[in-house]
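Chain by chain, the residues run as shown.
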Amino acid sequence: MASLLSSWSSNVLSLPVDYIVPVERRPGNPVSISKDIPVIDLTHATKNDRVDIVQQLIKASQDFGLFQVINHGVSEDLMVDAMNVGKEFFGLPAKDKERLCDDSTKFGQKGGKLYTSSGQYSRHEFKYWRDTLQHHFHPLESYISSWPQKPTKYRDIIGEYTNQVRKLGMRIMDMLYEGLGLEVEDIEKEFDKYDCAFSINHYPACPDPGSALGTGRHCDPTLITLLQQDVYGLQLLNDGQWLGVEPLPNAFVVNISLLLEVISNGKLKSDMHRVVTNSVCSRTSLAIFVSYPSDGIIQPAKSLISPTNPPLYRAFQYKDFLEFLFANNAEPEAAMKYLKL
Ligand SMILES: O=C(O)CCC(=O)C(=O)O
Ligand SMILES: [Fe+2]
(Lines give C-alpha, C1' and ligand atoms only; values in the text may rest on other atoms or scores of the structure.)
(Ligands and ions follow the chains in the order given, each with its own letter.)
Protein backbone atom coordinates (compact mmCIF):
# COMPACT_ATOMS: atom_id res chain seq x y z
CA MET A 1 0.00 0.00 0.00
CA ALA A 2 1.33 3.37 -0.98
CA SER A 3 2.16 5.80 1.77
CA LEU A 4 -0.46 8.49 2.45
CA LEU A 5 0.13 11.87 0.81
CA SER A 6 -0.64 13.63 4.10
CA SER A 7 2.35 11.81 5.62
CA TRP A 8 4.94 13.19 3.20
CA SER A 9 3.60 15.96 0.95
CA SER A 10 4.82 18.82 3.16
CA ASN A 11 8.41 17.62 2.59
CA VAL A 12 8.40 18.01 -1.20
CA LEU A 13 9.07 21.22 -3.10
CA SER A 14 8.04 20.02 -6.53
CA LEU A 15 5.32 17.74 -7.83
CA PRO A 16 6.55 14.13 -8.04
CA VAL A 17 6.43 12.92 -11.62
CA ASP A 18 3.74 10.29 -11.07
CA TYR A 19 1.31 13.07 -10.02
CA ILE A 20 1.68 14.97 -13.29
CA VAL A 21 -1.63 14.71 -15.11
CA PRO A 22 -1.68 14.35 -18.94
CA VAL A 23 -2.08 17.78 -20.56
CA GLU A 24 -5.68 17.21 -21.74
CA ARG A 25 -6.81 16.38 -18.18
CA ARG A 26 -5.11 19.29 -16.40
CA PRO A 27 -7.18 21.98 -14.67
CA GLY A 28 -6.45 24.44 -17.53
CA ASN A 29 -7.43 28.10 -17.34
CA PRO A 30 -8.49 29.34 -13.91
CA VAL A 31 -12.18 28.59 -13.29
CA SER A 32 -14.10 31.25 -11.41
CA ILE A 33 -16.65 30.59 -8.73
CA SER A 34 -20.14 30.50 -10.23
CA LYS A 35 -22.89 32.61 -8.73
CA ASP A 36 -25.49 30.76 -10.84
CA ILE A 37 -25.44 27.49 -8.94
CA PRO A 38 -28.65 27.49 -6.87
CA VAL A 39 -28.46 27.90 -3.10
CA ILE A 40 -31.76 26.61 -1.72
CA ASP A 41 -33.03 27.63 1.69
CA LEU A 42 -34.80 24.73 3.39
CA THR A 43 -36.12 26.81 6.31
CA HIS A 44 -39.77 26.37 5.36
CA ALA A 45 -39.53 23.01 3.62
CA THR A 46 -42.05 21.51 6.01
CA LYS A 47 -44.63 24.28 5.67
CA ASN A 48 -46.57 26.06 2.93
CA ASP A 49 -43.43 26.79 0.96
CA ARG A 50 -42.70 23.11 0.48
CA VAL A 51 -44.14 22.92 -3.05
CA ASP A 52 -42.02 25.88 -4.09
CA ILE A 53 -38.88 24.40 -2.52
CA VAL A 54 -39.51 21.05 -4.19
CA GLN A 55 -39.73 22.86 -7.53
CA GLN A 56 -36.45 24.67 -6.82
CA LEU A 57 -34.74 21.36 -6.04
CA ILE A 58 -36.05 19.75 -9.23
CA LYS A 59 -35.09 22.71 -11.41
CA ALA A 60 -31.58 22.86 -9.95
CA SER A 61 -31.23 19.10 -10.46
CA GLN A 62 -32.23 19.49 -14.09
CA ASP A 63 -30.17 22.58 -14.84
CA PHE A 64 -26.98 21.75 -12.93
CA GLY A 65 -27.29 18.32 -11.31
CA LEU A 66 -25.95 20.12 -8.25
CA PHE A 67 -27.19 22.66 -5.73
CA GLN A 68 -26.39 23.86 -2.24
CA VAL A 69 -28.75 23.81 0.71
CA ILE A 70 -28.74 26.14 3.70
CA ASN A 71 -30.86 26.19 6.88
CA HIS A 72 -31.02 22.43 6.51
CA GLY A 73 -31.35 21.46 10.16
CA VAL A 74 -27.88 19.93 10.68
CA SER A 75 -26.29 21.62 13.68
CA GLU A 76 -23.75 24.25 12.62
CA ASP A 77 -21.54 23.53 15.63
CA LEU A 78 -21.53 19.88 14.65
CA MET A 79 -20.49 20.80 11.10
CA VAL A 80 -17.53 22.73 12.50
CA ASP A 81 -16.61 19.89 14.87
CA ALA A 82 -16.83 17.28 12.11
CA MET A 83 -14.63 19.34 9.78
CA ASN A 84 -12.10 19.85 12.58
CA VAL A 85 -12.00 16.19 13.51
CA GLY A 86 -11.52 15.31 9.82
CA LYS A 87 -8.55 17.68 9.61
CA GLU A 88 -7.16 16.34 12.88
CA PHE A 89 -7.37 12.80 11.55
CA PHE A 90 -5.16 13.62 8.57
CA GLY A 91 -2.84 15.59 10.83
CA LEU A 92 -2.13 12.52 12.98
CA PRO A 93 1.36 11.01 12.94
CA ALA A 94 1.84 8.69 9.96
CA LYS A 95 2.01 5.56 12.13
CA ASP A 96 -1.50 6.17 13.53
CA LYS A 97 -2.96 6.38 10.04
CA GLU A 98 -0.93 3.86 8.05
CA ARG A 99 -2.13 1.06 10.34
CA LEU A 100 -5.66 1.59 9.00
CA CYS A 101 -4.50 1.19 5.40
CA ASP A 102 -4.20 -2.53 6.08
CA ASP A 103 -7.39 -4.39 5.06
CA SER A 104 -6.88 -7.00 7.72
CA THR A 105 -7.62 -4.56 10.55
CA LYS A 106 -11.11 -4.58 12.06
CA PHE A 107 -11.63 -1.30 10.18
CA GLY A 108 -10.87 -2.90 6.79
CA GLN A 109 -12.93 -5.99 7.56
CA LYS A 110 -15.96 -3.78 8.12
CA GLY A 111 -15.53 -2.27 4.68
CA GLY A 112 -13.67 0.82 5.94
CA LYS A 113 -10.86 2.08 3.70
CA LEU A 114 -8.05 4.56 4.07
CA TYR A 115 -6.26 5.15 0.82
CA THR A 116 -4.32 7.65 -1.20
CA SER A 117 -5.02 8.94 -4.74
CA SER A 118 -8.03 6.75 -5.52
CA GLY A 119 -9.33 3.30 -4.64
CA GLN A 120 -7.40 2.07 -7.69
CA TYR A 121 -3.95 3.36 -6.83
CA SER A 122 -1.87 0.88 -8.74
CA ARG A 123 -4.03 0.90 -11.87
CA HIS A 124 -3.92 4.62 -12.59
CA GLU A 125 -1.36 5.96 -15.03
CA PHE A 126 -1.06 9.02 -12.77
CA LYS A 127 -1.95 9.69 -9.14
CA TYR A 128 -4.46 12.10 -7.65
CA TRP A 129 -3.35 14.57 -4.99
CA ARG A 130 -5.60 13.37 -2.20
CA ASP A 131 -6.09 10.92 0.68
CA THR A 132 -9.48 9.50 1.64
CA LEU A 133 -10.91 7.81 4.69
CA GLN A 134 -14.18 6.02 3.95
CA HIS A 135 -16.49 3.87 6.02
CA HIS A 136 -20.09 2.83 6.53
CA PHE A 137 -22.14 4.20 9.41
CA HIS A 138 -25.69 2.89 9.37
CA PRO A 139 -26.81 1.24 11.56
CA LEU A 140 -24.25 2.87 13.80
CA GLU A 141 -23.93 -0.02 16.25
CA SER A 142 -22.75 -2.30 13.43
CA TYR A 143 -19.84 -0.09 12.45
CA ILE A 144 -18.77 2.34 15.15
CA SER A 145 -16.45 -0.07 16.96
CA SER A 146 -14.36 -0.44 13.78
CA TRP A 147 -13.89 3.31 13.22
CA PRO A 148 -10.63 5.13 13.96
CA GLN A 149 -9.93 5.55 17.67
CA LYS A 150 -7.89 8.68 17.10
CA PRO A 151 -8.68 11.55 17.36
CA THR A 152 -10.42 10.50 20.55
CA LYS A 153 -13.53 12.54 19.69
CA TYR A 154 -13.82 10.94 16.24
CA ARG A 155 -16.49 8.36 17.05
CA ASP A 156 -18.75 10.69 19.04
CA ILE A 157 -18.63 13.52 16.56
CA ILE A 158 -18.81 11.50 13.36
CA GLY A 159 -21.50 9.24 14.84
CA GLU A 160 -23.77 12.23 15.44
CA TYR A 161 -22.76 13.99 12.23
CA THR A 162 -23.51 11.02 9.97
CA ASN A 163 -26.83 10.51 11.76
CA GLN A 164 -27.91 14.13 11.17
CA VAL A 165 -26.64 14.36 7.59
CA ARG A 166 -28.28 11.04 6.72
CA LYS A 167 -31.59 12.48 7.94
CA LEU A 168 -31.06 15.53 5.77
CA GLY A 169 -30.35 13.21 2.82
CA MET A 170 -33.62 11.45 3.56
CA ARG A 171 -35.55 14.74 3.51
CA ILE A 172 -33.97 15.78 0.23
CA MET A 173 -34.67 12.39 -1.38
CA ASP A 174 -38.26 12.64 -0.15
CA MET A 175 -38.67 16.05 -1.78
CA LEU A 176 -36.99 14.93 -5.01
CA TYR A 177 -39.28 11.90 -5.23
CA GLU A 178 -42.24 14.17 -4.56
CA GLY A 179 -41.15 16.52 -7.33
CA LEU A 180 -40.80 13.59 -9.73
CA GLY A 181 -44.28 12.39 -8.79
CA LEU A 182 -42.90 9.13 -7.37
CA GLU A 183 -44.91 7.48 -4.65
CA VAL A 184 -42.85 6.44 -1.67
CA GLU A 185 -45.05 5.17 1.11
CA ASP A 186 -42.66 5.61 3.96
CA ILE A 187 -39.38 7.30 3.15
CA GLU A 188 -37.93 6.27 6.50
CA LYS A 189 -38.58 2.61 5.80
CA GLU A 190 -37.36 2.98 2.24
CA PHE A 191 -34.28 4.75 3.48
CA ASP A 192 -33.49 1.98 5.89
CA LYS A 193 -32.69 -0.16 2.85
CA TYR A 194 -30.32 2.44 1.51
CA ASP A 195 -26.64 1.96 1.89
CA CYS A 196 -24.80 5.01 3.14
CA ALA A 197 -21.08 5.65 3.25
CA PHE A 198 -19.08 8.50 4.72
CA SER A 199 -15.81 9.88 3.35
CA ILE A 200 -13.30 12.43 4.47
CA ASN A 201 -11.18 13.66 1.58
CA HIS A 202 -8.00 15.50 2.32
CA TYR A 203 -6.09 17.46 -0.33
CA PRO A 204 -2.82 18.84 1.03
CA ALA A 205 -1.40 22.08 -0.40
CA CYS A 206 0.10 21.12 -3.75
CA PRO A 207 3.45 22.38 -5.13
CA ASP A 208 2.10 22.60 -8.72
CA PRO A 209 -1.72 22.83 -8.86
CA GLY A 210 -1.70 23.48 -12.63
CA SER A 211 -0.25 20.03 -13.34
CA ALA A 212 -2.15 18.01 -10.73
CA LEU A 213 -5.72 17.05 -9.85
CA GLY A 214 -7.26 16.29 -6.47
CA THR A 215 -10.01 14.16 -7.97
CA GLY A 216 -10.51 13.44 -11.66
CA ARG A 217 -13.79 14.19 -13.44
CA HIS A 218 -16.50 11.71 -12.52
CA CYS A 219 -20.18 11.32 -11.64
CA ASP A 220 -20.88 9.68 -8.30
CA PRO A 221 -22.30 6.14 -8.59
CA THR A 222 -24.91 6.86 -5.89
CA LEU A 223 -28.39 8.40 -5.58
CA ILE A 224 -27.26 11.66 -4.04
CA THR A 225 -24.09 12.84 -2.33
CA LEU A 226 -24.08 15.51 0.38
CA LEU A 227 -20.81 17.33 0.72
CA GLN A 228 -19.36 19.82 3.19
CA GLN A 229 -16.31 21.75 1.99
CA ASP A 230 -14.17 24.41 3.59
CA VAL A 231 -11.88 25.67 0.83
CA TYR A 232 -12.51 26.18 -2.89
CA GLY A 233 -11.59 23.28 -5.16
CA LEU A 234 -14.79 21.58 -6.36
CA GLN A 235 -15.75 22.21 -9.98
CA LEU A 236 -18.84 21.19 -11.91
CA LEU A 237 -19.08 20.64 -15.67
CA ASN A 238 -22.12 22.47 -17.03
CA ASP A 239 -22.84 22.88 -20.74
CA GLY A 240 -19.23 22.01 -21.51
CA GLN A 241 -17.84 24.61 -19.10
CA TRP A 242 -16.25 24.11 -15.70
CA LEU A 243 -17.90 26.16 -12.94
CA GLY A 244 -16.41 26.66 -9.47
CA VAL A 245 -18.66 25.64 -6.56
CA GLU A 246 -18.47 28.26 -3.83
CA PRO A 247 -17.58 27.02 -0.34
CA LEU A 248 -20.41 28.54 1.72
CA PRO A 249 -20.28 28.35 5.49
CA ASN A 250 -22.90 25.97 6.92
CA ALA A 251 -24.04 24.76 3.51
CA PHE A 252 -24.15 21.29 2.01
CA VAL A 253 -23.46 20.74 -1.67
CA VAL A 254 -25.86 18.13 -3.04
CA ASN A 255 -24.85 16.15 -6.14
CA ILE A 256 -27.48 14.33 -8.14
CA SER A 257 -25.79 11.05 -8.91
CA LEU A 258 -26.02 8.31 -11.52
CA LEU A 259 -28.59 6.04 -9.85
CA LEU A 260 -31.06 8.90 -9.48
CA GLU A 261 -30.58 9.82 -13.13
CA VAL A 262 -31.56 6.23 -14.02
CA ILE A 263 -34.50 6.01 -11.59
CA SER A 264 -35.87 9.36 -12.83
CA ASN A 265 -35.40 8.11 -16.42
CA GLY A 266 -33.21 11.10 -17.17
CA LYS A 267 -35.56 13.75 -15.69
CA LEU A 268 -32.75 14.57 -13.24
CA LYS A 269 -29.17 14.74 -14.47
CA SER A 270 -26.15 13.49 -12.62
CA ASP A 271 -23.40 16.09 -12.46
CA MET A 272 -19.84 15.58 -13.58
CA HIS A 273 -17.36 17.11 -11.15
CA ARG A 274 -13.68 17.21 -10.28
CA VAL A 275 -11.46 18.73 -7.61
CA VAL A 276 -8.50 21.02 -8.24
CA THR A 277 -5.77 21.71 -5.70
CA ASN A 278 -4.06 24.90 -4.58
CA SER A 279 -0.56 25.75 -3.38
CA VAL A 280 -1.59 27.81 -0.34
CA CYS A 281 -3.50 25.55 2.00
CA SER A 282 -4.94 22.09 2.37
CA ARG A 283 -8.60 21.37 1.64
CA THR A 284 -10.84 18.91 3.44
CA SER A 285 -14.28 17.73 2.38
CA LEU A 286 -16.78 15.49 4.15
CA ALA A 287 -19.14 13.46 1.99
CA ILE A 288 -22.18 11.31 2.71
CA PHE A 289 -23.03 8.97 -0.16
CA VAL A 290 -26.61 7.78 -0.26
CA SER A 291 -27.02 4.70 -2.42
CA TYR A 292 -28.62 1.30 -2.81
CA PRO A 293 -27.36 -1.90 -1.26
CA SER A 294 -25.11 -3.68 -3.75
CA ASP A 295 -27.61 -6.47 -4.43
CA GLY A 296 -30.34 -3.92 -5.33
CA ILE A 297 -31.80 -3.72 -8.84
CA ILE A 298 -31.79 -0.25 -10.32
CA GLN A 299 -34.11 0.75 -13.14
CA PRO A 300 -36.25 3.67 -14.30
CA ALA A 301 -39.28 4.02 -12.01
CA LYS A 302 -42.25 2.18 -13.56
CA SER A 303 -44.59 5.13 -12.96
CA LEU A 304 -42.39 7.36 -15.13
CA ILE A 305 -42.52 4.99 -18.08
CA SER A 306 -45.29 5.05 -20.70
CA PRO A 307 -45.57 4.48 -24.46
CA THR A 308 -44.67 8.14 -24.94
CA ASN A 309 -41.93 8.00 -22.28
CA PRO A 310 -40.01 4.81 -23.00
CA PRO A 311 -37.18 3.79 -20.67
CA LEU A 312 -33.91 5.48 -21.59
CA TYR A 313 -31.82 3.43 -19.15
CA ARG A 314 -31.57 -0.28 -18.55
CA ALA A 315 -32.21 -2.34 -15.43
CA PHE A 316 -29.10 -3.67 -13.71
CA GLN A 317 -27.85 -5.04 -10.47
CA TYR A 318 -25.96 -2.33 -8.60
CA LYS A 319 -22.97 -4.51 -7.81
CA ASP A 320 -22.48 -5.34 -11.51
CA PHE A 321 -22.37 -1.63 -12.28
CA LEU A 322 -19.85 -1.01 -9.51
CA GLU A 323 -17.64 -3.78 -10.87
CA PHE A 324 -17.92 -2.31 -14.34
CA LEU A 325 -16.91 1.14 -13.05
CA PHE A 326 -13.95 -0.32 -11.22
CA ALA A 327 -12.77 -2.09 -14.37
CA ASN A 328 -13.21 1.14 -16.38
CA ASN A 329 -11.50 3.60 -14.01
CA ALA A 330 -14.89 5.23 -13.28
CA GLU A 331 -14.75 6.95 -16.69
CA PRO A 332 -18.00 8.94 -17.04
CA GLU A 333 -18.42 8.14 -20.75
CA ALA A 334 -18.09 4.40 -20.11
CA ALA A 335 -20.58 4.66 -17.23
CA MET A 336 -23.16 6.35 -19.47
CA LYS A 337 -22.69 3.74 -22.18
CA TYR A 338 -23.35 1.05 -19.60
CA LEU A 339 -26.48 2.73 -18.25
CA LYS A 340 -28.17 4.04 -21.38
CA LEU A 341 -30.32 1.91 -23.65
O1 LIG B 1 -13.81 16.79 -2.35
C2 LIG B 1 -14.77 17.12 -3.01
O3 LIG B 1 -15.20 18.27 -3.03
C4 LIG B 1 -15.50 16.12 -3.87
C5 LIG B 1 -15.06 14.70 -3.73
C6 LIG B 1 -15.83 13.80 -4.63
O7 LIG B 1 -16.26 14.18 -5.68
C8 LIG B 1 -16.11 12.43 -4.22
O9 LIG B 1 -15.57 11.97 -3.20
O10 LIG B 1 -16.91 11.76 -4.92
FE1 LIG C 1 -17.78 12.87 -6.42
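Note that the structure is predicted; figures quoted are calculated from it, not measured.

Caption draft 1: Expanded view of the overall build of the chain. Each helix and strand in the chain was counted, giving eleven helices and 14 strands. The C-alpha radius of gyration computed for the chain amounts to 19 Å, which stays within 12% of the reference 20 Å derived for 341 residues, consistent with globular compactness. Looking at the chain as a whole, 53% of its 341 residues are labelled buried. Of all intrachain contacts in the chain linking residues separated by at least 6 positions in sequence, the fraction that spans at least 24 positions is 79%. When the accessible surface of the chain is totalled, it reaches about 15,300 Å², and 51% of it is carbon and sulfur.

Caption draft 2: The pairing of strand β2 (residues 66-70), seen in detail. Burial of β2 is extensive: four of the five residues sit out of reach of the surface. In this sheet, β2 lies alongside strand β1 (residues 39-41) in parallel orientation, the contact comprising three bridges. Bridge pairing in β2 places Ile40 opposite Val69. Read from β1 through helix α2 (residues 50-63) to β2, the crossover connection turns out right-handed. The sheet contact formed by β2 and strand β10 (residues 252-256) spans four bridges and is antiparallel.

Caption draft 3: Up close: the UniProt feature "domain: Fe2OG dioxygenase" (unreviewed entry) in the chain. Summarizing the sequence annotation, UniProt attributes the feature "domain: Fe2OG dioxygenase" (unreviewed entry) to residues 193-292 in the numbering used throughout. Between the end C-alpha atoms of residues 193-292 the distance is 7 Å, and the span holds 7% helix and 46% strand.

Caption draft 4: How the structure looks around the packing of aromatic side chains. Counted according to the given criterion, the structure contains 14 aromatic pairs. Consider the rings of Tyr19 and Trp129, whose centres lie 5.2 Å apart with planes at 80°: the pair is edge-to-face. Of this pair, Tyr19 sits in the loop between α1 (5-8) and β1 while Trp129 sits in the loop between β3 (113-116) and β4 (131-136), placing them 110 residues apart in sequence. The burial state of Tyr19 is the same as that of Trp129; both residues are buried. Here Phe89 and Phe90 contribute two aromatic rings whose centre-to-centre distance is 5.0 Å and whose plane-to-plane angle is 90°, an arrangement assigned as edge-to-face. By the burial criterion, Phe89 is buried, and Phe90 matches it. Of the aromatic side chains, those joined through ring pairs into one cluster are Phe89, Phe90, Trp147 and Tyr154. Seen from the ring of Tyr143, Lys110 lies directly overhead, with NZ or CZ sitting 5.8 Å from the centre. Above the face of the Tyr338 ring, Arg314 is positioned so that its terminal group lies 4.0 Å from the ring centre.

Caption draft 5: Here's a closer look at the pattern of salt bridges. Applying the stated rule across the entire model yields ten salt bridges. Measuring nitrogen to oxygen at the nearest pair gives 3.4 Å for the salt bridge that ties Arg25 to Glu331. Within this pair, whereas Arg25 is found in the loop between α1 and β1, its partner Glu331 is found in the loop between α10 (318-327) and α11 (332-339), the two being separated by 306 residues in sequence. The partner of Glu331 in a salt bridge is Arg217, and the shortest N-O contact between them spans 3.4 Å. Here Glu331 is found in the loop between α10 and α11, whereas its partner Arg217 is found in strand β6 (residues 215-218), with 114 residues between them in sequence.

Caption draft 6: Structural view of the coordination of the iron ion (ligand 2). Around the iron ion (ligand 2), the protein contributes the donor atoms His218 (NE2), Asp220 (OD) and His273 (NE2), which lie 2.1 to 2.2 Å from the metal centre. Here the donor residues of the iron ion (ligand 2) are spaced in sequence according to H-x1-D-x52-H. One end of the pair, His218, is in strand β6; the other, His273, is in strand β11 (residues 272-275), with 55 residues separating them in the sequence. No difference in accessibility class separates His218 from His273, as the two residues are buried.

Caption draft 7: Representation of the site of ligand 1 in the model. In the region of ligand 1, the neighbouring residues are Arg130, Asn201, Tyr203, His218, Asp220, Leu227, Leu234, His273, Val275, Arg283, Ser285 and Phe289. Arg283 is positioned such that a nitrogen or oxygen atom in its side chain is 2.9 Å from an oxygen atom of ligand 1. For ligand 1, whose free accessible area comes to 290 Å², the fraction covered by protein is 94%. Of all the secondary-structure elements, those providing two or more residues to the shell around ligand 1 are β5 (195-203), β11 and β12 (283-291). A per-element tally of the shell around ligand 1 places β12 first, with three residues. For the shell around ligand 1, the per-class residue count stands at five nonpolar, four polar and three charged.

Caption draft 8: Highlighting the packing of α10 against α11. At a minimum axis distance of 10 Å, the contact between α10 and α11 shows a crossing angle of 150°. Here α10 lies roughly antiparallel to α11, going by the angle between them. As α10 packs across α11, the resulting crossing turns out to be right-handed. Contact with α10, carried on its side by Asp320, Phe321, Phe324 and Leu325, involves Ala334, Ala335, Tyr338 and Leu339 of α11 and no other residues of that element. A per-class count over the contact of α10 with α11 returns seven nonpolar, no polar and one charged.

Caption draft 9: Here's a closer look at the sheet that holds β6. Here four strands make up an open sheet; going across it, the order is β6-β11-β8-β9 and the pairing antiparallel. The open sheet has two edge strands with one neighbour each: β6 and β9 (241-244). The average undirected angle you get between the axes of adjacent strands in this sheet is 25°. In this structure, β6 lies alongside β11, joined through two bridges in antiparallel fashion. Residue pairing in the sheet places Thr215 in a bridge with Val275 of β11.

Rules and cut-offs
- Residues numbered from 1 in each chain as written.
- Chains lettered and ligands numbered in written order.
- Predicted model: local features only at pLDDT ≥ 70, side-chain atom pairs only at ≥ 80, totals over all residues.
- Heavy atoms only, no water.
- Helix = DSSP H or I, 4+ residues; strand = E, 2+ residues; numbered from the N terminus.
- Rg over C-alpha atoms; globule rule 2.2 N^0.38 Å.
- Buried < 20%, exposed > 50% of the residue type's maximum accessible area, 1.4 Å probe, protein only.
- Contact = heavy atoms within 4.5 Å.
- Areas by Shrake-Rupley, 256 points an atom, 1.4 Å probe, with all protein chains shown as cover.
- Pairing = 2+ DSSP bridges.
- Right-handed = clockwise from strand over helix to strand, strands pointing away.
- UniProt positions renumbered as here; feature names shortened; annotations may be inferred.
- Phe/Tyr/Trp six-rings, centres within 6.5 Å; stacked < 30°, edge-to-face > 60°.
- Lys NZ or Arg CZ within 6 Å of the ring centre and 35° of its normal.
- Salt bridge = Lys/Arg side-chain N within 4 Å of Asp/Glu carboxyl O.
- Donors = N, O, S within 2.8 Å, 3.2 Å for Na, K, Ca; no water.
- Near = heavy atom within 4 Å.
- Polar contact = N/O pair within 3.5 Å; in protein donor to acceptor, adjacent residues only side chain to side chain.
- Nonpolar A, V, L, I, M, F, W, Y, C, P; charged D, E, K, R; others polar.
- Axes fitted to C-alpha atoms, helices over the stretch in contact; angles between N-to-C directions.
- Parallel < 35°, antiparallel > 145°, perpendicular 65-115°, else oblique.
- Left-handed = near helix turned anticlockwise from the far one by under 90°.

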